[in-house]
Each structure stands twice: as structure tokens, then as C-alpha cells.
Amino acid sequence: REEAEAARRELREIVRPLREPGYREALRRKAERVRKRRLRLQRRKQEAKAAKEKEAARAAEREAKIDQWRAKCIQEVEEKNREQELKAAADSVLSEVRKKQADTKRMVDILCALEKLRKLRKEAAGRKGVCPPPSADEAFESQVESLKTLLKNRTELYEAEERALRVMLEGEQEEERKREMEKKQKKEREKLLQQKLEIDSKLFGDPDEFPLAHLLQPFREYYLQAEHSVAALIQIRHEWDQYLVPADHPEGSCIPPGWVLPSLPTNDTWATAVR
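Summary of the structure given here. (Residues numbered from 1 in each chain as written. Predicted model: local features only at pLDDT ≥ 70, side-chain atom pairs only at ≥ 80, totals over all residues. Heavy atoms only, no water.)

### As for the overall build of the chain
Check the secondary structure of the chain and you find seven helices and zero strands. When the helices and strands of the chain are read in sequence order from the N terminus, they spell out α-α-α-α-α-α-α. Within the chain, buried positions represent 7% of all 275 residues. A separation threshold of at least 6 residues defines the contact pool for the chain, and within that pool the share at least 24 residues apart is 50%. Carbon and sulfur atoms provide 57% of the accessible area of the chain, an area that totals close to 24,700 Å². (Helix = DSSP H or I, 4+ residues; strand = E, 2+ residues; numbered from the N terminus. Buried < 20%, exposed > 50% of the residue type's maximum accessible area, 1.4 Å probe, protein only. Contact = heavy atoms within 4.5 Å. Areas by Shrake-Rupley, 256 points an atom, 1.4 Å probe, with all protein chains shown as cover.)

What follows is the structure in C-alpha cells.
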């Protein structure tokens, strides 16, 4: 019985705070603080996880851009090396062709010198009373004509090779100029796009926080409606065509040739504003 009394007293001591006024409210506030603290910790944990994932995504994007830039640089270097090798090969072949042309011209000069030398020796022998037989003249002239024909054919062949090489070099130079122009235009487009993004960011805020596609969608739909609707295209063309008619046309008026002067004020309030 004493043990039961002791247990009952102990139980009363435990239950006594529950009967005090305000205990339940204090307990509820404590539980609410614990719940809010748990939620706050969970939210911070989720925010830290999201920030970590976002940073990882940004790092992956940076790595991808770096890899893309590196691959682009390697490709440009390889293309430039190939162009230089091709140009060097073409220059080497062209130099060889020019050497052949020079050799052919030297052979033509030697042949002409031989003709002059034989003529002089023939005249000198004639003054001494020595005349070569006609067969010797015919054989010499035949051999000279054969050599001239051969040298002429070689000259024409070398000239054709030179023209072909020049056309190839000019084509390569034109392609190189075209690529340089495309690179320049691409840089200009990227620069203009970057300027546009900066202006849009200043006007409409950060695109990550305020997507411009959502804000500018109504304007895009308005200005691009002719690309999706034939009726809109006809209406827009009709509105523009109203200005492509003579001045006396009943359904439209032409674009004024000079400045359009404002009309006079129709009331005193407007007149004060104009002044």
C-alpha cells in the first residue's frame, strides 16, 4: 500500500504541470518552434542542395563551352595548316612549272642562236666559194621545225598548267576571304546579340529571374503574325500597299516627299502646349 501511495504521489507530481493554466499553450508554442526550426533546417538543406546542383550545372556548362571553344580552335588551326600546306604545294608546283617554262624559253633562244650561227657560217662559206648541198639545208630546217613544234607544244602545256594552278590558287584565296568574311559577320552578329541581351536585361531585368520569352511573347506574336496567318499577311500587305499608290488614288495616299508639318492647334489648351 505504501508503494501504491508513493507511485500515486509521483504520478500526481508528473501530472500537476499539465493542470496549470498556460501549460498547454507553452507546450504548443514549443512544439511550433521545433516544427518551424525543423522546416527552416529542411528549407536551408534544400536551398543548399539546389545551389549545389545549380553550381554543378554552371560548371558543366562552362566545361562544355570550354571544350567547344577548344575544339573550335583546334579545327581552325587544322584548317589553317591544311590551307598553308595546299598553298605551299601549289606554290611548289607553280615554281616547278615556271622553271620548266624558263628552260623551254632558254631552249628556244638556243635554237634561234643556232639558226643565226648557221646562217652566218653559211654566208662565210659562200664568200669562200663553199656551198652546202640543198639536202643539208632541208635536213637542218626539218630538224629545227620539229624542235620548234615540240617546244611550242611544251610551252602551251606549261601555260595551261600555270593557268590551272592560278585558278586553283585564286579559288583558295576567294574561299579564304569568304571564310574570313563569314567569321567577321558571325562576330558582328554575336556582338549585336550580346548588346541586345544587355539592353533587354536593363529594360526587363535578369532573364534568369524574368524570362524575356514570356514577357515579349505578345509582341512577338503581333509582329510575326504574318508568318502564321495568311489573312494577317494580306491585311498587313494591304496596309503597306496603301502608301504605294499615286497621290490621287481614292483608297490610299503616297508617302510624302518631304517633312510633314503639324496642323494648327484646334483649341487654346493645345495652343498653350505648343508654345
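### Let's talk about helix H6 (residues 230-241)
For an α-helix the count is 3.6 residues per turn, leaving residues at separations of three or four pointing the same way. Taking 1.5 Å per residue, 12 residues should reach 16 Å; H6 reaches 16 Å between its end C-alpha atoms and fits that length. Measuring from the backbone nitrogen of Ala231 back to the side-chain oxygen at the start of H6 gives 3.5 Å, which picks out Ser229 as the cap. (Expected span 1.5 Å × (residues − 1). Polar contact = N/O pair within 3.5 Å; in protein donor to acceptor, adjacent residues only side chain to side chain.)

### Focus on the layout of surface pockets
The probe, sized like a water molecule, is rolled over the atoms to show the empty space still left. Approximately 370 Å³ is the volume attributed to the largest pocket. Lining the largest pocket are 17 residues, with Lys80, Glu83, Gln84, Glu176 and Arg179 positioned closest to its centre. Of all the secondary-structure elements, those providing two or more residues to the lining of the largest pocket are helix H2 (23-127) and helix H3 (134-204). For the lining of the largest pocket, the element with the highest residue contribution is H2, accounting for nine residues. Grouping the amino acids of the lining of the largest pocket by side-chain chemistry returns five nonpolar, two polar and 10 charged. What the second largest pocket holds in volume is close to 200 Å³. What lines the second largest pocket is simply Lys72, Glu76, Glu182, Lys183, Lys186, Lys187 and Glu190. Here the lining of the second largest pocket takes five residues from H3, the largest share from any one element. When its residues are assigned to classes, the lining of the second largest pocket shows no nonpolar, no polar and seven charged. (1 Å grid on protein atoms, 1.4 Å probe; cavity = no way out; pocket = protein on both sides within 12 Å on 5 of 7 lines; lining within 4 Å. Points joined across faces, edges and corners; volume = space filled by probe spheres on them. Nonpolar A, V, L, I, M, F, W, Y, C, P; charged D, E, K, R; others polar.)

### Let's talk about a positive patch on the surface
Taken together, the side chains of Lys72, Lys80, Lys183, Lys186, Lys187 and Arg189 define a basic patch exposed on the protein surface. Residue assignment for the positive patch shows that the elements contributing at least two residues are H2 and H3. Mapped onto the elements of the fold, Lys186 is located in helix H3. (Patch = residues over 30% accessible without salt bridge, like charges linked within 9 Å, V, L, I, M, F, W, Y side chains within 5 Å. Salt bridge = Lys/Arg side-chain N within 4 Å of Asp/Glu carboxyl O. Lys, Arg positive; Asp, Glu negative; His and termini not counted. Charge placed at Lys NZ, Arg CZ, Asp CG, Glu CD.)

### With respect to the nonpolar core
Ranked by size, the top nonpolar core spans six residues in total: Ala90, Leu94, Val97, Tyr158, Leu165 and Leu169. Looking at this core, the elements that each hand over two or more residues are H2 and H3. In contact with Leu165, other than residues within four places in its own chain, are Val93, Leu94 and Val97. (Core = buried A, V, L, I, M, F, W, Y, C linked by side-chain atoms within 4.5 Å.)

### Focus on the pattern of salt bridges
Considering all chains together, one arrives at eight salt bridges under this definition. In this structure, Glu55 and Arg62 form a salt bridge, with 3.3 Å as the shortest nitrogen-oxygen distance. Residue Glu55 is classed as partly exposed on the basis of its relative accessible area of 40%. A salt bridge links Asp109 to Lys105, with the nearest nitrogen and oxygen atoms 3.5 Å apart.

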